[in-house]
Amino acid sequence: MAMERANLLNMAKLSIKGLIESALSFGRTLDSDYPPLQQFFVVMEHCLKHGLRVKKSFLGFNKSLWGPLELVEKLCPEAAEISASVRDLPGLKTPLGRARAWLRLALMQKRLADYLRLLITRKDLLSDFYENSALMLEEEGAVIVGLLVGLNVIDANLCVKGEDLDSQVGVIDFSMYLKNDIDDYRSEERNSQIASILDQKNYLAIAKNNIIKLQEENQQLRSENTLILLKTQQHLELTQGDVSVERDTYKQSRQGLDEMYNEVRRQLKEECQLRQDVENELVVQVSMKQEMELAMKLLEKDIHEKQDTLIGLRQQLDEVKAINVEMYQKMQSSDEEMKKKNDVISRLEEKTNQITATMKQLEQRLQEAERHRTSAEEGTRRFKLDFANKADSLQRQIEHREKQLQQLETDLKIEREWRQTLQNDLHRERDSVAQLSTEALQINGLKKEFHRLQDENVQLKTICEDQEKALEELGSKLSESKLKIEDIKEANKALQGGQVWLKDKEATHCKLCEKEFSISRRKHHCRNCGEIFCNSCSDNELPLPASPKPVRVCDTCHALLLQRCSSNPT
């Protein structure tokens, strides 16, 4: 069986080689009367019959080629037309005639090598028709199928209906393959031509397979793009609904705030009238306090102390602000669900309504405290002016005041009593200022929370805009399919040179920066080393020996190639 396989392989090589050489020299389409073509079909018939199992029937034993060839219809739907046309031919009565007609139609279709390749790959099905040592189940069958690719160069126009394919006798004519030295020399030249043609055909087949893979990848990308568009549209609709609800709540809260503002204006008018009454009373008190120089000095000291306390309170406010900033940064790290945020927003809106009322009350109290303070400062200024004017008069009246020391001692007792009352009033004012500061801190915290929620809404909008931009970039990249086909050709050239071309599925991070690939960060092959990088790490173009045009190259290969060019200027 091994010797038979070797002999059939050699005969197949000779017949295919002779057919291609004669067809190229003939230069026209071949018909069924062409002798090398007839010998080719005879050799193929012997190759397919080798090791074929014998099937029992009512008339005896029978070897049929039509059984395994009929399986091609199941493996490749394109072969259904050939098998259907073979069954419909009226002149064919035996399975052998149908098999011969099938071989001729497959050759005219230029798919004989493809159909037999599919048949050889399914050895589990062929084992039902062939023995274990048959040619179709061994390596010789794969070699013959590879040689059949060269027959795609031949154009044949065969008439199957008029021939008597059932009764033909398949005898190999060896006289056609006996040649002299001159023919051997010519055959060597033709062999070189045939080898180049076969290489071109193999290259075209590989390119076709790569193009089919790229088309499948484009379809997958398009389906992914449609899914991303649907998700983004749903997300935008949800965000728009949330924004509309927030606008309605803001309008309602704004109406309540306007009503509260009108009420506050009325209260301000009443307080202005009270202020005028208090100012009149203060004028009376200022006239009574012209002789209280010592008390005013003490008041000035107390004012300085108040200023120190205010500075301390401001420092505490700065510390509280720093703490709030830290809390804000911590809040950014925690991502809560949208449902909880909506509940928190509704509660915060209720709190804001309450806080606005408390804010107005606190602002009123602060205004009252500031009014008292301004009135006290105006009184001190007036006292200072009066004291400056009376300094000269006091120097003149020193002699008279020495006589009135006894009266002043009594006055000092009265002034001490006034001092105690003023100190008590200052303590009360300090307590009220502390309460107001705590309430102001609470209000600032609530305001920051409200601003934080607004910032989160703005961030969500920016994320949506970034996704839309990413989708636009994907659309522009899909339109560059022609450039990808050129990249594939360059990749095939690189593969012929012995380079390893890394698959897209094997790379999830950039080899240089180790950043993860995503929709916005695309994958790019280096045409020199074959590895996968991001756009920023492979944004270089240089001409390579495999391609005279400038090609995308990574940063490391770019540096190496530049060093080589600088060291070898030739």
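Given the structure is predicted, the values throughout are model-derived calculations rather than measurements.

Topic: the overall build of the chain
- The secondary structure content of the chain amounts to 16 helices and six strands.
- When each of the 570 residues of the chain is scored for burial, the buried share is 26%.
- Across the chain, the fraction of contacts at a sequence separation of at least 24, relative to all contacts at a separation of at least 6, is 69%.
- Counting every atom, the chain has about 39300 Å² of accessible surface; 52% of that belongs to carbon and sulfur.

Some words on the nonpolar core
- Of all hydrophobic cores here, the largest spans 60 residues; its most connected members are Leu 37, Phe 40, Trp 102, Tyr 130, Leu 148 and Leu 151.
- Elements that contribute at least two residues to this core include exactly helix 1 (2-26), helix 2 (35-49), helix 3 (66-70), helix 5 (80-88), helix 6 (95-109), helix 7 (112-121) and helix 9 (139-148).
- Ranked by size, the runner-up nonpolar core spans 15 residues in total, among them Leu 502, Cys 526, Cys 537 and Leu 561.

A closer look at the pattern of salt bridges
- Scanning all chains against the criterion turns up 15 salt bridges.
- A salt bridge links Glu 456 to Arg 452; its shortest N-O distance comes to 3.0 Å. Residue Glu 456 and its partner Arg 452 are both found in helix 14 (residues 405-478); the two are separated by four residues, about one turn of the helix.
- Several salt bridges share partner residues, and in doing so they unite Glu 78, Arg 111, Asp 114 and Arg 117 into one network.

Overview of unusual backbone geometry
- For Lys 110, which is not glycine, the phi torsion reads 65° and is therefore positive.
- Along the chain, Lys 110 falls in the loop between helix 6 and helix 7.
- Judged by relative accessible area, Lys 110 falls into the partly exposed class, the value being 31%.
- Despite not being glycine, Glu 514 has its phi angle at roughly 60°, a positive value.

Regarding the side chain of Arg 104
- Tracing the chain through its elements places Arg 104 in helix 6.
- We classify Arg 104 as buried; its relative accessible area is 8%.
- A polar contact is formed between the side chain of Arg 104 and the backbone oxygen of Arg 100, at a distance of 3.1 Å.
- Setting aside residues no more than four positions away along its own chain, Arg 104 makes contact with Phe 41, Leu 158, Val 160, Glu 163, Leu 165 and Gln 168.

Overview of the packing of helix 5 against helix 6
- Contact geometry of helix 5 with helix 6 gives a least axis separation of 10 Å together with a crossing angle of 140°. When the axis of helix 5 is compared with that of helix 6, the two are oblique. In the packing of helix 5 onto helix 6, the handedness of the crossing is right-handed. Contacts between helix 5 and helix 6 involve Ile 82, Ser 83, Ser 85 and Val 86 from the former and Arg 98, Ala 101, Trp 102, Leu 105, Ala 106 and Gln 109 from the latter.
- Broken down by class, the residue content of the contact of helix 5 with helix 6 amounts to six nonpolar, three polar and one charged.

Description of helix 5
- What helix 5 keeps buried is the set Ile 82, Ser 83 and Val 86. Along the long axis of helix 5, the arc covered by the buried residues comes to 95°, so they all point the same way. Set apart from the buried face of helix 5 by more than 90 degrees, the exposed residues are Glu 81 and Asp 88.
- On its buried face, helix 5 sits against helix 3, helix 4 (72-75), helix 6 and helix 7.

Structural notes on the packing of aromatic side chains
- Counted under the stated rule, the structure contains two aromatic pairs.
- For the pair Phe 40 and Phe 41, a centre-to-centre distance of 5.6 Å together with 55° between the ring planes defines the contact as tilted.
- Ring plane angle 45° and centroid distance 6.0 Å describe the contact between Trp 102 and Tyr 115, whose orientation is recorded as tilted. Of this pair, Trp 102 sits in helix 6 while Tyr 115 sits in helix 7, and the two are 13 residues apart along the sequence. Across the pair, Tyr 115 and Trp 102 agree in class, each one buried.
- Against the face of Phe 41 rests Arg 104, its NZ or CZ located 4.2 Å from the ring centre.

Describing a positive patch on the surface
- Together, Lys 297, Lys 301, Lys 413, Arg 416 and Arg 419 make up a positively charged patch on the protein surface.
- For the positive patch, the elements supplying multiple residues, two or more each, are helix 11 (293-333) and helix 14.
- Summarising the element assignment, Arg 419 is placed in helix 14.

Digging into a negative patch on the surface
- Where like charges cluster on the molecular surface, the negative patch consists of Glu 465, Asp 466, Glu 468, Glu 472 and Glu 473.
- In this structure, Glu 473 sits in helix 14.
- The exposure class assigned to Glu 473 is partly exposed, which follows from its relative accessible area of 39%.

Quick notes on the environment of Gln 423
- Along the polypeptide, Gln 423 turns up in helix 14.
- Residues Gln 423 and Leu 298, spaced 125 residues apart in sequence, show a C-alpha to C-alpha distance of 9.9 Å.

Looking at the pairing of strand 5 (residues 540-543)
- Of the two faces of strand 5, the one lined by Asn 540 and Leu 542 is fully buried and the one lined by Glu 541 and Pro 543 carries no buried residue.
- Between the antiparallel neighbours strand 5 and strand 6 (residues 550-553) lie six residues.

Overview of the pairing of strand 6
- As defined by bridge partners, strand 5 adjoins strand 6 across four bridges and the pair is classed as antiparallel. The residue bridging Leu 542 from the neighbouring strand is Val 551, located in strand 6.

Overview of the state of the cysteines
- With the rule as written, the count across this model stands at zero disulfides.
- We note that Cys 534 lacks a disulfide partner, and the nearest cysteine sulfur, in Cys 537, lies 3.5 Å from it.

Here's the deal with helix 7
- All of the buried residues along helix 7 are Leu 112, Ala 113, Tyr 115, Leu 116, Leu 119 and Ile 120. Projected down its long axis, helix 7 shows its buried positions confined to an angular sector of 165°, all on one face.

What to know about the confidence of the model for the chain
- Within the chain, residue pLDDT values average 78, and 85% of them lie at 70 or more.
- Element-level mean pLDDT values for the chain span from 45 in strand 2 (residues 60-62) up to 91 in strand 4 (residues 532-533).
- Low pLDDT (under 50) marks residues 57-61, which in the prediction has four contacts with non-local residues, meaning those over four places away or in another chain.

Procedures and definitions
- Residues numbered from 1 in each chain as written.
- Predicted model: local features only at pLDDT ≥ 70, side-chain atom pairs only at ≥ 80, totals over all residues.
- Heavy atoms only, no water.
- Helix = DSSP H or I, 4+ residues; strand = E, 2+ residues; numbered from the N terminus.
- Buried < 20%, exposed > 50% of the residue type's maximum accessible area, 1.4 Å probe, protein only.
- Contact = heavy atoms within 4.5 Å.
- Areas by Shrake-Rupley, 256 points an atom, 1.4 Å probe, with all protein chains shown as cover.
- Core = buried A, V, L, I, M, F, W, Y, C linked by side-chain atoms within 4.5 Å.
- Salt bridge = Lys/Arg side-chain N within 4 Å of Asp/Glu carboxyl O.
- Polar contact = N/O pair within 3.5 Å; in protein donor to acceptor, adjacent residues only side chain to side chain.
- Axes fitted to C-alpha atoms, helices over the stretch in contact; angles between N-to-C directions.
- Parallel < 35°, antiparallel > 145°, perpendicular 65-115°, else oblique.
- Left-handed = near helix turned anticlockwise from the far one by under 90°.
- Nonpolar A, V, L, I, M, F, W, Y, C, P; charged D, E, K, R; others polar.
- Arc of directions from axis to C-beta.
- Phe/Tyr/Trp six-rings, centres within 6.5 Å; stacked < 30°, edge-to-face > 60°.
- Lys NZ or Arg CZ within 6 Å of the ring centre and 35° of its normal.
- Patch = residues over 30% accessible without salt bridge, like charges linked within 9 Å, V, L, I, M, F, W, Y side chains within 5 Å.
- Lys, Arg positive; Asp, Glu negative; His and termini not counted.
- Charge placed at Lys NZ, Arg CZ, Asp CG, Glu CD.
- Pairing = 2+ DSSP bridges.
- Disulfide = S-S within 2.5 Å.
- pLDDT = per-residue confidence, 0-100.

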